[in-house]
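# Observations on the three-dimensional arrangement
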Amino acid sequence: TDPLYLKAWVYVPSSFSLASGSVTHLFGLNEHSAWLQYSVDLKNSSGTYYLSVTGTSGSHVFTTNAWHAVELMYNNGAHTVSVSLDGNADIALTGVSTEVKDHIILNTSAGTGNIYFDDISLTNSPGGNSTSSLTVRHAYPGNRLAMKVQSYLYGAGSTDQLISSIDGTPFS
């Protein structure tokens, strides 16, 4: 379904350390033969954080010690990718040609410390709700009748309760 919107709430504490000029992956979409095709990254530019996608940096400052709504829009038919930060358009790419279809990736690739994610959603409309959702019309490849869903959940503390569910039914 075009377009796809991948949204997550992201919290970066001020204790997180990333070298100036460096980037760390936050989340993204990928195609089965590559790691990350369209990754929303966090870039440290002389001590100030910005979002970045495939080397293109956003213009809005990503502040630490605050939750931010980050949304990646991928449109295969229009060959576009865009990112918004707290509802504000931040990055727009045109002429993208690689189709994504298999995986949603949450991954930090650099830096020291923790980055927190909450309320992750994949929808076909902007502003995904606070409940995660995933709709598969024709599971790739070959119109399979089922699709495996894997979840890897890691908490920050021993009292965290992390649950994966489909239509309100927990699974593991």
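All of these numbers come straight from a predicted model, not from anything done at the bench. (Residues numbered from 1 in each chain as written. Predicted model: local features only at pLDDT ≥ 70, side-chain atom pairs only at ≥ 80, totals over all residues. Heavy atoms only, no water.)

Along the chain, the position of Ser125 falls in the loop between β10 (116-123) and β11 (164-166). Along the sequence, Ser125 and Leu6 sit 119 residues apart, while their C-alpha atoms lie 9.5 Å from each other. Every residue in contact with Ser125, bar those within four places of it in the chain, is listed here: Tyr5 and Glu71. (Helix = DSSP H or I, 4+ residues; strand = E, 2+ residues; numbered from the N terminus. Contact = heavy atoms within 4.5 Å.)

The subject of this paragraph is the confidence of the model for the protein chain. Note: predicted coordinates in regions of low pLDDT should not be interpreted at a detailed level. Taken as a whole, the protein chain shows an average pLDDT of 78; of its residues, 67% reach a score of 70 or greater. pLDDT under 50 marks residues 128-133. Its contacts with residues more than four places away, or in other chains, come to 14 contacts. This model gives residues 135-144 a pLDDT under 50, and the stretch forms nine contacts once residues within four places in sequence are excluded. (pLDDT = per-residue confidence, 0-100.)

Note on placement: Ser39 falls in strand β3 (residues 38-45). Judged by relative accessible area, which is 6%, Ser39 ranks as buried. At 3.1 Å, the side chain of Ser39 forms a polar contact with the side chain of His25. A polar atom in the side chain of Ser39 sits 2.6 Å from the side chain of Asp41. Apart from residues no more than four positions distant in its own chain, Ser39 is found in contact with His25, Leu26, Phe27, Gly28, Ser52, Val53 and Thr54. (Buried < 20%, exposed > 50% of the residue type's maximum accessible area, 1.4 Å probe, protein only. Polar contact = N/O pair within 3.5 Å; in protein donor to acceptor, adjacent residues only side chain to side chain.)

This part takes up the pairing of strand β5 (residues 56-61). One ladder, built from three bridges, connects strand β4 (residues 48-53) with β5; its direction is antiparallel. Paired with Val53 across the strands is Thr56, a residue of β5. (Pairing = 2+ DSSP bridges.)

Time to look at the packing of aromatic side chains. One pass over the full model with this rule turns up two aromatic pairs. Ring geometry for Tyr11 against Trp67: centres 5.3 Å apart, planes inclined by 45°, an arrangement best described as tilted. In this pair, Tyr11 is assigned in strand β1 (residues 4-11) and Trp67 in strand β6 (residues 67-75), connecting sequence segments 56 residues apart. Ring geometry for Tyr11 versus Tyr116: centroids 6.1 Å apart, planes at 55°, classification tilted. Pair noted here: Tyr11 is in strand β1 and Tyr116 is in strand β10, with a separation of 105 residues, a long-range link. Judged by relative accessible area, which is 28%, Tyr116 ranks as partly exposed. (Phe/Tyr/Trp six-rings, centres within 6.5 Å; stacked < 30°, edge-to-face > 60°.)

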